[in-house]
Amino acid sequence: MEDSLESRLLAVRERIENACARAHRKPADVRLLAVTKIFPPEVIRDAYAIGLREFGENYVQEMERKSPVLQDLNEARFHLIGHLQSNKTKKAAQLFSSIDSVDAAKLATRLNAEAKPLDVMIEVKLSGEESKSGAEEGDVSAIVDAIRACPNLSLRGMMTVPPWSEDAEVARPYFARLRELAAKFSVPELSIGMSNDLEVAIEEGATWVRVGTALFGRRKKLV
Ligand SMILES: *Cc1c(COP(=O)(O)O)cnc(C)c1O
């Protein structure tokens, strides 16, 4: 039990519950996205076996490799949380139930053309960091309009990745800004918060926390 996936899941759920209690929120309103990038498909099976159903993957190609051996996990839903290139929208639409990283109107149009119902979120870059993906704040309005004009896409939420810091408080203003932006456009869900800052995210209104390391341990470098 010690340091098993099950014990780590219990610890993450406890962190979520404690943060919800402090923020006067219901734990059921904060959903856990298990981030399985870099880990082999067996890890996803193990997580499924102990009740996890929503998984985040960063790379279309990696999901393409894992997907064939995961077909029997009927209730699993996979979210793309990494940058999507416009030449990979067909594959992405096949492999994922939700594209959480839409950052351009053109991507929405291309995903819609795949004629499969998809949940989507808009990834917004609030940090100004060159290395990060995500839409500029000023482009969000046009992307919202583009997605809402797409009959196959359901705009569920907004996602952001704050600058990395040991100190979770550094993320707070970015989370708060995303909450304001989502409210402005009546977008219901907020995907903010990762292993090291999920408490702050919940205090700022997270409806999804994306947790990798705290569940699965440290990732090896991408080979
Ligand atoms: C890898 C990743 C996560 C998970 O981060 P951890 O710190 O391991 O919990 C969450 N969101 C995105 C976009 C990621 O790329």
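Residues numbered from 1 in each chain as written. Predicted model: local features only at pLDDT ≥ 70, side-chain atom pairs only at ≥ 80, totals over all residues. Heavy atoms only, no water.

1. Quick word on helix α7 (residues 172-184)
Our working rule: Comment: elements are numbered from the N terminus, with helices defined as DSSP H or I runs of at least four residues and strands as E runs of at least two. One less than the number of residues in a helix, times 1.5 Å, gives the span that helix is expected to have. Exposed residues in this analysis have more than 50% of their type's maximum accessible area, buried residues have under 20%, and partly exposed residues fall in between, with area computed by a 1.4 Å probe over protein chains only. Residue contacts are counted whenever heavy atoms from the two residues lie within 4.5 Å of one another.
With 13 residues, α7 extends 18 Å from end C-alpha to end C-alpha; this agrees with the ideal 18 Å at 1.5 Å per step. Here α7 has its buried residues at Phe175, Ala176, Leu178, Leu181 and Ala182. Where the residues of α7 are buried, they touch α6 (140-148), β6 (153-159), β7 (189-191) and α8 (198-203). Once α7 finishes, Ser186 follows within two positions and takes phi at roughly 55°, a positive value.

2. Here we look at the nonpolar core
The condition is simple: Only buried residues count toward a nonpolar core, which is a set of Ala, Val, Leu, Ile, Met, Phe, Trp, Tyr and Cys residues joined through side-chain atoms within 4.5 Å.
Ile99, Met158 and Leu215 are the most contacted members of the largest nonpolar core, which totals 66 residues. Counting residues per element, this core draws most heavily on helix α1 (residues 5-23), at six residues. What Ile99 contacts, discounting residues up to four positions off in sequence, is Leu80, Leu84, Ala92, Leu111, Leu118, Asp119, Val120 and Met121. In terms of nonpolar packing, the next biggest core, distinct from the first, is built from six residues, Val35, Ile81, Met159 and Trp208 among them.

3. Description of α1
With 19 residues, α1 should reach 27 Å at 1.5 Å per residue; the first-to-last C-alpha distance of 27 Å fits that figure. Listing the buried residues of α1 in full gives Leu5, Ser7, Leu9, Val12, Ile16, Ala19 and Cys20. If you follow the buried residues of α1, they end up packed against β1 (31-35), α2 (41-49), α8, β8 (208-211) and α9 (213-216). Trailing α1 by a residue or two, His24 shows a phi angle of about 55°, which is positive.

4. Considering the pairing of strand β5 (residues 118-123)
Selection criterion: Two strands are counted as paired when DSSP detects at least two bridges linking them. Handedness of a crossover is defined as follows: orient the strands so they point away from the viewer, and if the path from the first strand over the helix to the second runs clockwise, the crossover is right-handed.
Buried residues dominate β5, accounting for five of its six residues. Bridge analysis of strand β4 (residues 98-102) against β5 gives three bridges, and the strand direction is parallel. Residue pairing for β5: Val102 is matched across the bridge by Ile122. Of the crossover connections in this fold, the one passing from β4 over helix α5 (residues 105-112) to the parallel β5 is right-handed. Here β5 runs beside β6; their pairing, made up of six bridges, is parallel. Looking across to β6, one finds that Met121 is bridged to Gly157.

5. Quick look at the pattern of salt bridges
Short version of the rule: We define a salt bridge as a contact between a side-chain nitrogen of Lys or Arg and a carboxyl oxygen of Asp or Glu at a distance within 4 Å.
Scanning the model with the defined rule gives 22 salt bridges in all. The partner of Glu203 in a salt bridge is Arg172, with the nearest N and O atoms 2.7 Å apart. Pair noted here: Glu203 is in helix α8 and Arg172 is in helix α7, with a separation of 31 residues, a long-range link. Classification of Arg172 by relative accessible area gives partly exposed; the value is 21%.

6. Observations concerning the site of the ligand
Counted only if it meets this: Whether a residue is near a molecule or strand depends on its heavy atoms: it is near if one of them lies within 4 Å of it. Definition of a polar contact: a pair of N or O atoms within 3.5 Å, with one able to donate and the other able to accept a hydrogen when the atoms are protein atoms, and with sequence-neighbouring residues admitted only if both atoms are side-chain atoms. In this description, accessible areas are obtained by the Shrake-Rupley approach with a 1.4 Å probe, and a residue is regarded as covered only by the protein chains that are shown.
Near the ligand you find Val35, Lys37, Asn58, Ile81, Val161, Met194, Ser195, Arg210, Val211, Gly212, Thr213 and Arg219, and these make up its full shell. Within the side chain of Asn58, one N or O atom sits 2.7 Å away from an oxygen atom of the ligand. In this structure, Arg210 approaches the ligand through a side-chain N or O atom, which is 2.8 Å from a nitrogen atom. Protein coverage of the free-state accessible area of the ligand, which is 390 Å², stands at 88%.

7. Brief notes about the packing of aromatic side chains
Here the distance between the centres and the angle between the planes together describe a pair of aromatic rings. Put simply, the test is: Aromatic contacts are taken between Phe, Tyr and Trp rings whose centres are within 6.5 Å, Trp giving its six-membered ring; a plane angle under 30 degrees counts as stacked, one over 60 as edge-to-face, and the others as tilted. Two thresholds decide whether a charge sits over a ring: the Lys NZ or Arg CZ must be within 6 Å of the ring centre and within 35 degrees of the ring normal.
One pass over the structure, following the stated rule, counts two aromatic pairs. One residue, Arg53, lies across the ring of Tyr48, its end atom 3.7 Å from the ring centre.

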